[in-house]
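# Coordinate analysis (summary)
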Amino acid sequence: MRRLGMMLGAVWNLRQSLRAQLLAWVVLTLVGAICFNLYDSYQTADQTAKLVSDRTLLSSARVIAEAVRVDEGGNVEADIPPAALEMFDTGYGDQVFYQVITAWGNLVSGFPDLPLPSVERTGQDVTFRNSTVRALTLNHPVVGLPDDGDISVTVAITHNSQYALRRRLWLDDFTKQFILVLLAGVVTIIGLQRGLAPALRLRDAVRARGRERLDPLSPGMVQTEFQPLVRALNDHMERVQNQMAAQRRFVSNAAHQLRTPLALMSTQASVAARETDEARRDEALQALRSSTRHMSRLASQLLTLSRAEPGSRRPRSDTIDLAAAARDIVAAHAEQALQRDIDIGLEVSGPVPVEGDGTMLREMLVNLVDNSIRYTRRGGQVTVSVTREETLAVLDVEDNGPGIPADERGQVFERFYRVLGTEGDGSGLGLSIVREVVDGAGGTVALAEADGGGLVVSVRLPVAAEK
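Reference entry: report on the structure contained in this document. (Residues numbered from 1 in each chain as written. Predicted model: local features only at pLDDT ≥ 70, side-chain atom pairs only at ≥ 80, totals over all residues. Heavy atoms only, no water.)

### Quick look at the packing of aromatic side chains
The line we're drawing: Two rings from Phe, Tyr or Trp (for Trp, the six-membered ring) form a pair when their centres sit within 6.5 Å of each other. Planes less than 30 degrees apart are called stacked, planes more than 60 degrees apart edge-to-face, and all others tilted. Secondary structure elements follow DSSP: runs of H or I of four or more residues count as helices, runs of E of two or more count as strands, with numbering from the N terminus. Relative accessible area decides the class of each residue, using a 1.4 Å probe on protein chains only: under 20% of the type maximum gives buried, over 50% gives exposed, and in between gives partly exposed.
Applying the stated criterion across every chain yields a total of seven aromatic pairs. Considering the side-chain rings of F97 and F111, the 5.3 Å spacing of their centres and the 75 degrees angle between planes classify their relative orientation as edge-to-face. Placement of the pair is F97 in strand 3 (residues 96-102) and F111 in the loop between strand 4 (107-110) and strand 5 (124-128), with a sequence separation of 14 residues. Residue class for F111 comes out partly exposed when judged on its relative accessible area of 23%.

In structure tokens, the structure reads:
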């Protein structure tokens, strides 16, 4: 069993080898072409051997016919010349049969039961005495017969020399074809070794690089067919570099963002522990609870952003009703809006199904609604609307807050970026989360100024296909 497993493993490795696949295709093509050529050469050798045999039979029949004469009494005589039979002596032990008859059917010489071919001057295979022989008939005029009548000479021979000639011709061609296959296989192997050498050098160059080295490779180090692979590899390394840089920025920013609230919480806890006045202690503890909530929200958003990044989790394909999800999330934030005296409303026209990661799409809605409530002044308004435009689901979250200047709208999607002068205790991660989720669902997100001031965040997602 172990040996069988090793054999199966070796076969699988060969199937996965580019060199083995190319060699197999070349050899199979050559073998197919050679099989066709060998079949064709066999037919050609057979026709050639028959042609040689027929020409010999015709020559023999003509020699015999020219030896036939009419004596003074009008009798037809045939003295068979030895040369007419010796020309078949090729060393393969063939038997020769002949027959000479007059036009009126009288046997002059030879074998009376020898069958006659159906066509004159054309060799045919006939059965004679339980054996197959090659026979040819020649009609030849003889001077002295009435009206210069003809005689019919038929000569037949067994197939030994014909088959021997056919076999020799075919084997000669087979030998040439076999040598051709061997030479083609050797040349193919050498060509594959030389042709794949640049690809192997590319492999060695990639392996020899350090873990942090991601500079591009030169496409000129491989052939034209492999250059797209090198370019794709360079593109991938560039994306990895960008991802690593973004990850380093994220870690640095996250550490900076976490350091400040942690230091503040430590200070507030120390103040509360030292304070003897109960009112001041309660004030310090209240500030500590507020910092703890802010810290908890920041940690939650960091976790959500990490889960929203491409490749961080297995892709999911859920179908959710965006209108129903918006209704649930607006209801969940109603108390938060009331505490800030904000009028929050929802406008939907019916179910709007979208496809994507259901959990992350709801997180997107949470961040949009929460951001609008946080940055809208007391007594403001927040309106969430979900509509459908042909094949797109449109989600608009509009508020009458301070808005975002046009020159900063492209930057607010960066992590931890906050517009200077804005109120609220946000972390600068909400819109980053929204963009990651929307990109993962194949949609787009855009910012615009609301009528009368404020901000409108418009999200467009593909509508889920009907099943």
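Read on for the rest.
### Some details on the environment of E390
Mapping E390 onto the fold places it in the loop between strand 11 (381-389) and strand 12 (392-399). Along the primary structure E390 and P462 are separated by 72 residues, whereas in three dimensions their C-alpha atoms are 9.5 Å apart.

### Some details on the side chain of S41
This is how the line gets drawn: For the purposes of these results, a polar contact is taken to be a pair of N or O atoms within 3.5 Å, where, inside protein, one atom must be able to donate a hydrogen and its partner to accept one; residues adjacent in sequence count only when each atom of the pair is a side-chain atom. When checking whether two residues touch, look at their non-hydrogen atoms; a contact exists if any pair is within 4.5 Å.
Take S41: it is sitting in helix 2 (residues 18-66). Of note is the side chain of S41, whose polar atom sits 3.0 Å from the side chain of D173. In this view, S41 contacts W170 and D173; residues no more than four positions away in its chain are not counted.

### Some words on unusual backbone geometry
One can expect most non-glycine residues to show negative phi and most peptide bonds to be in trans. Its identity is not glycine, yet R121 carries a phi of approximately 60 degrees, on the positive side. Mapped onto the fold, R121 is located in the loop between strand 4 and strand 5. Residue classification places R121 among the partly exposed positions, given a relative accessible area of 45%. We note that N130 has phi near 65 degrees; this positive angle belongs to a residue other than glycine. For N130, the position within the fold is in the loop between strand 5 and strand 6 (131-141).

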